[in-house]
Amino acid sequence: NFSIQLESKSNDELGELVESIQLLANELNHLKTERNEFLASISHELRTPLTYIKGYSEVAKRDHLGLEERLSYLNVITEETTKMTTLVTELMQLAQLDNNTFTIQKEFFSVCESLKKISQRLLPTFKQAGIKLLTVCPENIHIHADPVRFEQIVVNLLENARNYSPEGTSTTIEVAKKDAEIKISIHDQGKGIPSNDVPFIFERFYRVDKSRSRELGGTGLGLSIVKELVDAHHWEIEVSSKTNKGTTFTIIARGEL
Ligand code: ADP
């Protein structure tokens, strides 16, 4: 409970108070609208796979189907279930990041070793997509970061590079240290992001090409998670992109390195 003593206030002070309350009310309304939009997006995103699952499970139950046809319907159901699982996992990550109790657990570790581990894990999927994955990392660079979160940032950026690049291109991870700054850039030769879209790509559910993203199992949440993790480290992230030429995301880590 709080109380406001109005009697002793001058008109000027009262005016200021009314203004502050008005600003607070505007902010609350804005948050309410944002929350409603977020809930509407989540409902929509969950509805799409559910519609497929319902439709295909009905069709798969029909008597006269051959085994192959039935299996193809069941495959759709599996794929859509996987998409829902990814969506729910990412929503849980965002909820955790929004929670005030969220903490990052920093330790010193070798950037190159961590990147090597991540590349090895993702290499088969890059091979399958016909994209080269290269790493340029001078040894002995240590970073003060949460290793699990660091991995999450890099994996999300690499998965995007792979998803939005055509066969025969390369994705390069490059690390450079200058004074108290480490720059980690992930460069692809993919389709790029139109300059009009760039300011919005870190927003939740924002996608340049919705159907392409969905086809690839994307949720539109990856970059918003990346941004929150980068913020939690008090780092920066920059993006530069040219349509049909490629995109570079650069993480700039400063401070205690
Ligand atoms: P998604 O799950 O759709 O990949 P993200 O939040 O990771 O969601 O990215 C948002 C959108 O930004 C993507 O849908 C895509 O349109 C665009 N995008 C992200 N990374 C790249 C990239 N490396 N090249 C081209 N477009 C990208």
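Check the entry above for the structure.
First, a word on scope: everything that follows refers to the structure included in this document. (Residues numbered from 1 in each chain as written. Predicted model: local features only at pLDDT ≥ 70, side-chain atom pairs only at ≥ 80, totals over all residues. Heavy atoms only, no water.)

### Looking at the layout of surface pockets
If a probe as big as a water molecule is rolled over the atoms, it shows which places are left empty.
And then number 1: The volume enclosed by the largest pocket comes to roughly 900 Å³.
And then number 2: Lining the largest pocket are 40 residues, and of these Asn160, Asn163, Tyr164, Gly218 and Thr219 lie nearest its centre.
And then number 3: For the lining of the largest pocket, the elements supplying multiple residues, two or more each, are α2 (67–98), α4 (147–163), α5 (210–215), α6 (222–232) and β7 (246–254).
And then number 4: If one sorts the elements of the lining of the largest pocket by residue count, α4 sits on top with nine residues.
And then number 5: By residue class, the composition of the lining of the largest pocket is 13 nonpolar, 17 polar and 10 charged.
And then number 6: When its volume is computed, the second largest pocket comes out at roughly 300 Å³.
And then number 7: Tallied by class, residues from the lining of the second largest pocket come to four nonpolar, one polar and five charged. (1 Å grid on protein atoms, 1.4 Å probe; cavity = no way out; pocket = protein on both sides within 12 Å on 5 of 7 lines; lining within 4 Å. Points joined across faces, edges and corners; volume = space filled by probe spheres on them. Helix = DSSP H or I, 4+ residues; strand = E, 2+ residues; numbered from the N terminus. Nonpolar A, V, L, I, M, F, W, Y, C, P; charged D, E, K, R; others polar.)

### What about the packing of helix α3 (residues 111–129) against α4?
The geometry of a pair of packed helices is captured by two quantities: the angle between their axes and the separation between those axes.
And then number 1: Axis separation between α3 and α4 bottoms out at 10 Å; the angle between their running directions is 30°. As judged from the angle between their axes, α3 and α4 are roughly parallel. α3 and α4 meet at a crossing whose hand is right-handed. Across from Val111, Ser114, Leu115, Lys117, Ile118, Arg121, Leu122, Thr125, Phe126 and Ala129 in α3, the residues of α4 making contact are Phe150, Glu151, Val154, Val155, Leu158, Glu159 and Arg162.
And then number 2: Of the residues that constitute the contact of α3 with α4, the class distribution is 10 nonpolar, two polar and five charged. (Axes fitted to C-alpha atoms, helices over the stretch in contact; angles between N-to-C directions. Parallel < 35°, antiparallel > 145°, perpendicular 65-115°, else oblique. Left-handed = near helix turned anticlockwise from the far one by under 90°. Contact = heavy atoms within 4.5 Å.)

### Let's talk about a negative patch on the surface
And then number 1: Where like charges cluster on the molecular surface, the negative patch consists of Asp12, Glu13, Glu16 and Glu19.
And then number 2: Within the secondary structure layout, Glu19 lies in helix α1 (residues 11–60). (Patch = residues over 30% accessible without salt bridge, like charges linked within 9 Å, V, L, I, M, F, W, Y side chains within 5 Å. Areas by Shrake-Rupley, 256 points an atom, 1.4 Å probe, with all protein chains shown as cover. Salt bridge = Lys/Arg side-chain N within 4 Å of Asp/Glu carboxyl O. Lys, Arg positive; Asp, Glu negative; His and termini not counted. Charge placed at Lys NZ, Arg CZ, Asp CG, Glu CD.)

### Remarks on the state of the cysteines
And then number 1: Evaluated as defined, the whole model comprises one disulfide.
And then number 2: For Cys112, the disulfide goes to Cys137, at an S-S distance of 2.0 Å. Handedness of the Cys112-Cys137 disulfide follows from its S-S torsion of about -80°: it is left-handed. Taken together, the positions of Cys112 in helix α3 and Cys137 in the loop between β2 (132–136) and β3 (142–145) put the pair 25 residues apart, joining distant regions of the chain. Both residues of the pair, Cys112 and Cys137, count as buried. (Disulfide = S-S within 2.5 Å. Buried < 20%, exposed > 50% of the residue type's maximum accessible area, 1.4 Å probe, protein only.)

### Section: the pattern of salt bridges
And then number 1: Per the stated rule, a full pass over the model turns up 14 salt bridges.
And then number 2: Two residues, Glu80 and Arg214, come together in a salt bridge whose shortest N-O distance is 2.5 Å. You can see Glu80 sitting in helix α2 and its partner Arg214 sitting in helix α5, a full 134 residues away along the chain.
And then number 3: On the basis of relative accessibility, which here comes to 17%, the residue Arg214 falls in the buried class.
And then number 4: With a closest N to O distance of 3.9 Å, Asp209 and Lys191 form a salt bridge. Placement of Asp209 in the loop between β5 (181–188) and α5 and of Lys191 in the loop between β5 and α5 is noted, with a sequence separation of 18 residues between them.
And then number 5: The network of salt bridges with shared partners includes Glu45, Arg207 and Lys210.

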